[in-house]
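# Summary of the model geometry
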Amino acid sequence: MLLAERPSPPSQLKTADKTTNEEQEKSGSVTPSVPPVPGEYPSGLAPAIPDWYKVGWRAVANIDAPALEEGEEKDKHILQLFLAEQYYGQWYHNAALIFFAVFASHFLTRFNFGWGWLIVLLSICNTYYMTSMTRVRRCARDDIQRELIKTRLASEHESADWMNNFLDRFWLIYEPVLSATVVASVDQILSTTTPAFLDSLRLTTFTLGTKAPHIDKVRTFPRTADDIVMMDWGISFTPNDVSDMTPRQAAQKVNPKIVLSVRLGKGLATASIPILLEDITFSGLMRIRLKLMANFPHVQIVDLSFLEKPVIDYVLKPVGGESLGFDIAHIPGLQTFIRDMVHGTLGPMMYDPNVFSLNLEQLLSGVPLDAAIGVIQVTVEAARGLKANKIGGGSPDPYISISINNREELARTKYKPSTYNPTWMETKFILVNSLQESLVLSLLDYNDHRKDTPLGAATFELQKLLEDATQEGLELPVLKDGKDKGLIRLDVNYFPVLKPESVNGKEILPQTNVGIVRLTIHQAKELDATQSLSGDLNPLVKVFLGNSTSYTHKSQIIKHTNNPVWESPTEFICADKSSSVITVKVVDERDFLQDPVVGYMSVRLVDLLQTDPTVNREWWPLNGCKSGKIRLSCEWKPLQMAGALSSADQYVPPIGAVRLWLRKATDVKNVEATLGGKSDPYIRVLVNNVTLGRTEVINNNLNPEWDQIIYIPVHSLREASFSTSSMFMEVLDYQHLTKDRSLGSVELHVSDLARESPADPQYRYESTGVKEVAEPIQTDGNSYKGHLHYTAEFVSALNLKHVHFDAGENEIQKAAHKVQRNNGSSSSTSSSSNDEEEERHVTVDRPMTEAGTHGPPHQTDSSESVRANGNSATNMGEEAPSPTEKDSVKEGIELSKEELFKHQSGIIIFNVIGGHLQKKARLDVLLDDAYWPAFSTLKSGGTNAQWAHVGEGFLKELDFGRVWLRLNESGDPDKDDVIAEWKGNARAFLDATLARRSSFTLTDADGHSSTVEIESRYVPVPVKLLARESINNQGILRVDLLAGKDLRSADRTGKSDPFAVFTLNSTKVFTSQTKKKNLNPDWSEMFEVDVPSREAADFSVEVFDWNQVEQSKSLGRGTINLRDIEPFEAAEQMIELSSEKHGAKGHVTIRLIFQPEIIAKSRKATSTFSSAGRAMTQIGSLPFGAGKGVVRGIGNVFKRDFGGSHEKLEVPHAVPEAAAGQASRPIGEHTANEYTTAPTASAFPSLSRTPSLSGPPSEPGTLRVTMISAKDVSMAETKPYAVIRVGDKEFKTKHGNKTSSPEWNESFNFAASAHMPKLHLWIYDHKTLGKDKLLAEGEVDIWRHIQVGRSTAAEVSIELQGGGLARLRLEFDAENNPLARHASVVSLERSQLQTSPSRFSIRGRRPGLNEDN
């Protein structure tokens, strides 16, 4: 990140340069001793261009800039609202020329200039006119020609003579290289596939001749997408055609010739027979489609397809050679048979509408072409309305064959006898290499004694799975010869391969139990040939999975060798990595005799995937033989399938938590030194390569001080025994646009902090003490840069029983078990425990909306039957292993829910099952202050999400904690694009989800809803919180500025014009009114401010003397102590004012009331705070559970309705997030200085951010807004006026004379309801000539100050952005509906909806206006 540095004063330049040099020397960067000259050549290598820096046309066009807001677009194109299309164009330039000519000629005539000057003026105008007309004609000619060319390109073919001329010269150079490449590749294949009765096969001669291929015609399609180029090429290769050659070229011509030498016999008795192929000709019409991309090679995919069958001719002489050979094309019917075989092979591959795709990006990336990118689950349900009959009469016996682009069969269903409406309900899993192809379901009629009859085919484009990976309820038409033959019903799901994650600068794959195995059989050595009579083997390899008797893969045969090299890869799906076993058998191929097994080996998949470099397991010994070894390699590709990551069956209960107090780091690595900036460090804590905690970001600092305490759940003392499962504290540099960069890491061993406790049955482990260290930060290898200062301590958790979830099967295991049940291979007595007990599903809506009756409980349909694929496409032929039992643990204790909830701190465990979403998204779960998510699921492949993800988070105070569920559309785990959310109290959430599943409704700003299903557990961890960690340390502070006394006089008259400024952590939060000529001012003003930490708060008040001309002078400053304030108790304080120059003089009286509340930390480019938007200690006007003298617990707030099967939660109304700096006084009630100091918050009705239970009015009423006055909006005197907007209606006050404290007292009427929660205010300086200048702006939360049924009028003071204070009066009349005369008004019952200014408003959104939260 680049941050501009302010220039230092001249007197400090030398010191600043010295400091900068020292810092750069520490950071490792080289600083030249001589200041660089602008424009000189760099002394070393230039730094790489950052990813975020754009060059070329993208930078000039500003195409990568974020889209403008709706209102800003209208401000930018304001002329379009007033001018019709025909009046908006280049004619302004001509009008300006005419105006200039008239004005200039009048000027020359008026001041008596001569004719010469007039001639000069005419020449200038004439030159401009001629130039502009030339440009217009040239542009018009180019545009017309371009459009004519587009029409001609799409309708006519053009020649490519320039290309043919180039090919004629280039072919003579390239053809020998091409021939050598072909001979080297083909010879290797022929040597390994030579039959036993032949001695050898060699490609002795190969040439394509001297005449290059010819491009006959080209047709281009201009009307395609911007990144698509599509052309039709007519190509021909006719080397025997000499009509376009000169006699000399024809004499030197070389025809294509391919000679395959076949050697028969053994030893000396051998003979070579040449097989000759010559006079090859080829012609066809091919469609080429190129998909472009920004990265090299800039062409991502090339699709090739023949629009018609190509014409192929050749001369094949298998016997006799070149002179005596006989062309087999002369044999009747043989040439036609061969041609049909060629067309039959190429047709499914590249004859229209099929395409042959070349992924150039994948080809150049080094990834194998046949590598699978994911798995497709195809559930074939049924076919209906088939129109076919058997030959000879009768109903068909249909079955479905599944393939990709009509290539080899990948799976097939069982056939159903004698039916036109078959039902299969079978599930197949198919590996896919690309989603740019088509899934073909061929419907065939099964026949006993003859070839099966095709009935038609249905096609599904796999590209649709990129938009939504779950395609359910598909009905595809069955077509044959263009006619409808029925339809097929099916479901298609796509499970992609997970990409590796960057951890500590290394790419590490996610640990999953379900995935794709790529097994490569490389070679074998020293095979046992004692069973062979000749001493030579013809070895091949067969791969078996589990206990299956049918092989999953078979390699090619290598003839006559005991040291074969196969290099044979295969891929298959693994449903359970931990229990899978692979068997490899080496077999000697003996043609018609039985093939004996030379040797075999069986190995667990987890051992085969072991990548420990200290153990060389590349070669594996063979069993069942005297000698022999085999070399294998294995690659694991994790699948994004429900339960693949952090599933319930993999979950281990926590044994405790590590309390990390991350204090600071010193001298960290500077990765932005070359760009003139500093690193923006933060820390993330990883266990098993999973991020479990993070600190805030400290911007532009090489010595950051975080001073944060985070809790990391741990599950075993061995979590530091292996390098892949250590607890790492990694320091990273935050990048707002690109990926964060690692600055190094520090490793922490849990075994150094805890040990087993055999004496205490409640706690299995105990702490060994507090570890306070300053460890060096390891960057790369053995290098270190900087130190991390932290304190670590282990806190043991209660040893509870039943801290687990019922583990469900993944999709592959379900299909496998269904096959076993259908085949009768499994016991019919097995049943799920979920069927024996009643499962309660609770639906929980947003806690900020009106409580309503929930719908019926969700019913889970488990009657769907699936069938697994039994061929090599999947590993479903074997019996799936039963889940292994977890290691038994010590006997734990059992607590009831009431006893469990008595423990305030602990680990809350979430089992996120799935949900129905509006868009594809991931679920972020945040707790309490919500700076980073406690955990996140994977982004769902479709709107019907199936996660089965188990995650954890530490809860510090159960009664006051908060659970925040967010749907995040961003694919980057470190970026946010929140589309819906739900917030709720942690205790109520836990009560609804403990030991049962509940559905939660997440809503967005437009009212669209998504639901997620969650189950939870709670493990208490008794932690003694510091005062700074408690919820009471943060919240809302109400400050009543009462009066000042004995202030210092600053004017010559012995008086002052005092106003007070309150500052929190160096940020101004409130400015009071100015009291003229008064040393004992009575302000009686009130404001509220969010305090993120009372312990660390630097809160002060400073009184100034206002001056009209010069800068305001300070009358004294005082510090306000917030640590000792009791929550919900009003405390008056007398703040002594003092200054360095004049000493102590005067004091200010204030009243403080603190309301604990979670203040959520927003994660943007910097560390900032914003209100959490929910008063967690208050519902309605009733406080609970915070401070002293208030009601404990919230059990009476959430009530159960035992009359139904689900729960009904009574929750408060939605409250919009209120910005700081708004204060109000209800008109007609007591003022702030008349309040009494009662111990509860009910004595202060304006303190609560939650309105009464009646809520804002749903029907429109009349809101009368009186703009009273403003002050301190500008340092100089201006002509201010105010613009007020509510909803779509906007009014403007009059502007008066020059003043810095305007008073208007003008009233306006608006229609207001719950759908219009905010009043927008702008103050402008009126300019007679030119654009009015924006001085300040602000927002008023209307229903925060107006409460229907309690106070319908209020006087509001708001702090303006840009400086100053504005006063308004709000009066609401609910009985008078100003829109009643309009019949189109519709009442919407959505209390949470917040509107922005109308898109139909001419003025649009004001610049700098923030979005409503």
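Just so we're clear, the structure is a prediction, and the values are computed from it rather than from any experiment. (Residues numbered from 1 in each chain as written. Predicted model: local features only at pLDDT ≥ 70, side-chain atom pairs only at ≥ 80, totals over all residues. Heavy atoms only, no water.)

Of the regular secondary structure elements, the chain holds 17 helices and 66 strands. In the chain, buried positions account for 45% of the 1413 residues. Pairs at least 24 residues apart make up 68% of the contacts formed inside the chain by residues separated by at least 6 positions. Carbon and sulfur atoms make up 53% of the accessible area of the chain, which totals about 73100 Å². (Helix = DSSP H or I, 4+ residues; strand = E, 2+ residues; numbered from the N terminus. Buried < 20%, exposed > 50% of the residue type's maximum accessible area, 1.4 Å probe, protein only. Contact = heavy atoms within 4.5 Å. Areas by Shrake-Rupley, 256 points an atom, 1.4 Å probe, with all protein chains shown as cover.)

Time to look at unusual backbone geometry. Of note, the bond from Phe296 into Pro297 is cis; its omega dihedral lies within 30 degrees of zero at 10°. Along the polypeptide, Pro297 turns up in the loop between strand S5 (269–292) and strand S6 (299–306). Of the consecutive residues Asp352 and Pro353, the connecting peptide bond is found in the cis state with omega at 10°. Mapped onto the elements of the fold, Pro353 is located in the loop between helix H9 (334–350) and strand S8 (356–359).

On to the pattern of salt bridges, then. For the structure on display, the rule yields 37 salt bridges. With a closest N to O distance of 3.1 Å, Arg590 and Asp588 form a salt bridge. In this structure Arg590 comes out as partly exposed when scored by relative accessible area, which is 27%. A salt bridge links Arg997 to Glu1015, with the shortest nitrogen-to-oxygen separation between them at 4.0 Å. Taken together, the residues span a long stretch of sequence, with Arg997 in strand S44 (residues 997–1003) and Glu1015 in strand S45 (residues 1009–1020) at a distance of 18 residues. What makes Glu1015 buried here is its relative accessible area of 9%. (Salt bridge = Lys/Arg side-chain N within 4 Å of Asp/Glu carboxyl O.)

Attention now moves to the sheet that holds strand S23 (residues 581–588). With respect to topology, four strands assemble into an open sheet ordered S21-S20-S23-S24, the strand pairing being antiparallel. The open sheet has two edge strands, strand S21 (553–554) and strand S24 (597–604), and neither has a second partner. Note: strand S20 (residues 539–545) against S23, seven bridges, orientation antiparallel. Within S23, the residue paired with Lys542 across the bridge is Lys585. (Pairing = 2+ DSSP bridges.)

Across its 17 residues, H9 extends 24 Å between first and last C-alpha, which sits within 8% of the 24 Å expected from 1.5 Å per residue. Turning to H9, its buried residues are His343, Gly347 and Met350. (Expected span 1.5 Å × (residues − 1).)

Locating Gly769 in the fold gives a position in the loop between strand S34 (765–767) and strand S35 (771–778). Put simply, Gly769 and Asp752 are 17 residues apart on the chain and 9.1 Å apart in space, counted from C-alpha to C-alpha. When near neighbours in sequence (up to four residues on either side) are disregarded, Gly769 contacts Leu753, Ala792 and Glu793.

Turning next to a nonpolar patch on the surface. Taken together, the side chains of Phe166, Phe170, Leu172, Ile173, Tyr174 and Val177 present a nonpolar region at the surface, about 600 Å² in accessible area. Structurally, Ile173 can be placed in helix H6 (residues 161–192). The exposure class of Ile173 is exposed, given its relative accessible area of 62%. (Patch = residues over 30% accessible without salt bridge, like charges linked within 9 Å, V, L, I, M, F, W, Y side chains within 5 Å.)

This brings us to the sheet that holds strand S63 (residues 1318–1325). The antiparallel open sheet is built from four strands, whose spatial order is S61-S60-S63-S64. Each of the sheet's edge strands pairs with one partner strand only, and the pair in question is strand S61 (1289–1292) and strand S64 (1333–1341). Looking at each pair of strands side by side, their axes are set apart by 15° on average, direction ignored. (Axes fitted to C-alpha atoms, helices over the stretch in contact; angles between N-to-C directions.)

Compared with an ideal rise of 1.5 Å per residue, which puts 41 residues at 60 Å, helix H5 (residues 115–155) spans 60 Å between its outermost C-alpha atoms and is within 8% of the ideal. Those residues of H5 lying buried are Leu121, Cys125 and Ser132.

Mean pLDDT over the chain works out to 76, with 75% of the residues at or above the 70 mark. Segment residues 720–725: pLDDT under 50, and twelve contacts once partners within four positions in sequence are set aside and those in other chains are kept. Between residues 825–890, whose pLDDT stays under 50, and residues either more than four places distant or in other chains, the model counts 135 contacts. (pLDDT = per-residue confidence, 0-100.)

Within the secondary structure layout, Lys1289 lies in strand S61. The partly exposed category is assigned to Lys1289, whose relative accessible area is 42%. When the C-alpha atoms of Lys1289 and Ala1311 are compared, they prove to be 8.3 Å apart, with 22 residues separating the residues in sequence. For Lys1289, the contacting residues outside a window of four places in its chain are Ile1284, Asn1309 and Phe1310.

Here we take up the environment of Thr738. By secondary structure assignment, the location of Thr738 is in the loop between strand S31 (727–733) and strand S32 (741–748). For the pair Thr738 and Lys975, spaced 237 residues apart in sequence, the C-alpha to C-alpha distance is 9.9 Å.

Turning to the nonpolar core, a few remarks are in order. Core analysis: the biggest nonpolar cluster contains 49 residues, and Phe910, Leu923, Leu965, Leu967, Leu1002, Val1012 and Ile1014 have the highest contact counts within it. Not counting residues within four places of it along the chain, the set of residues in contact with Leu923 comprises Val912, Phe935, Ser936, Thr937, Trp947, Leu965, Arg966, Leu967, Leu1002, Val1012 and Ile1014. Ranked by size, the runner-up nonpolar core spans 37 residues in total, among them Val658, Leu702, Met727 and Leu732. (Core = buried A, V, L, I, M, F, W, Y, C linked by side-chain atoms within 4.5 Å.)

Burial analysis of strand S12 (residues 423–432) places eight of its ten residues in the buried class, which makes it a mostly covered element. Bridging between strand S9 (residues 374–384) and S12 involves eight bridges; their strand directions are antiparallel. Its bridge partner lying in S12, Val375 is registered against Leu431.

Here the structure, examined in full by the defined rule, presents 27 aromatic pairs. When the centroid spacing of 6.4 Å and the interplanar angle of 70° are considered together, the rings of Tyr682 and Tyr734 count as edge-to-face. Residue Tyr682 is located in strand S28 (residues 681–687), and its partner Tyr734 is located in the loop between S31 and S32; the two are separated by 52 residues in the primary sequence. Grouping residues by exposure puts Tyr682 and Tyr734 together as buried. Geometry around Trp636 places Lys577 over its ring, the cationic atom sitting 4.8 Å from the centre. (Phe/Tyr/Trp six-rings, centres within 6.5 Å; stacked < 30°, edge-to-face > 60°. Lys NZ or Arg CZ within 6 Å of the ring centre and 35° of its normal.)

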